[in-house]
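These are the residues of each chain, in order.
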Amino acid sequence: MYERTSAQAPGGRYPVTATSTWDVAWEGAGQTGTITTTRQSQTSLAIGEVQVLNVP
């Protein structure tokens, strides 16, 4: 959640990181196993408009 636009941030953008974790179960040739892998990617986003939501 961003409380302000990114106009005052360095380069006018906010850095963001997305992370996904996968748990994979496999079987073949009479064997089974599980693999867990995590992937991460980074970029930056310009946030130009902020909308407010009040929740009681």
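Relevant structure appears above.
A brief look at the structure comes next.

The rules we used
- Residues numbered from 1 in each chain as written.
- Predicted model: local features only at pLDDT ≥ 70, side-chain atom pairs only at ≥ 80, totals over all residues.
- Heavy atoms only, no water.
- Helix = DSSP H or I, 4+ residues; strand = E, 2+ residues; numbered from the N terminus.
- Buried < 20%, exposed > 50% of the residue type's maximum accessible area, 1.4 Å probe, protein only.
- Polar contact = N/O pair within 3.5 Å; in protein donor to acceptor, adjacent residues only side chain to side chain.
- Contact = heavy atoms within 4.5 Å.
- Pairing = 2+ DSSP bridges.

## Digging into the side chain of Ser6
Alright, step 1. With respect to the element layout, Ser6 can be found in the segment before β1 (14-28).
Alright, step 2. Ser6 sits in the buried class, given a relative accessible area of 2%.
Alright, step 3. Side-chain polar atoms of Ser6 contact the backbone oxygen of Gly12, separated by 2.8 Å.
Alright, step 4. Look past the residues within four positions of Ser6 in its chain and what remains in contact with it is Gly12, Arg13, Tyr14, Leu45, Ala46 and Ile47.

## Structural notes on the pairing of strand β2 (residues 31-45)
Alright, step 1. Relative to β2, β1 runs antiparallel, the two being bridged by 15 bridges. Within the sheet, the bridge partner assigned to Thr17 lies in β2 and is Gln42.
Alright, step 2. From the end of β1 to the start of β2, which pair antiparallel, there are 2 residues, and Ala29 there has a positive phi angle of about 55°.

## Comments concerning the environment of Thr34
Alright, step 1. Along the chain, the position of Thr34 falls in strand β2.
Alright, step 2. Residues Thr34 and Trp22, 12 residues apart in the sequence, show an inter-C-alpha distance of 10 Å.
Alright, step 3. Leave out the neighbours within four places in its chain, and Thr34 touches Val24, Ala25 and Trp26.

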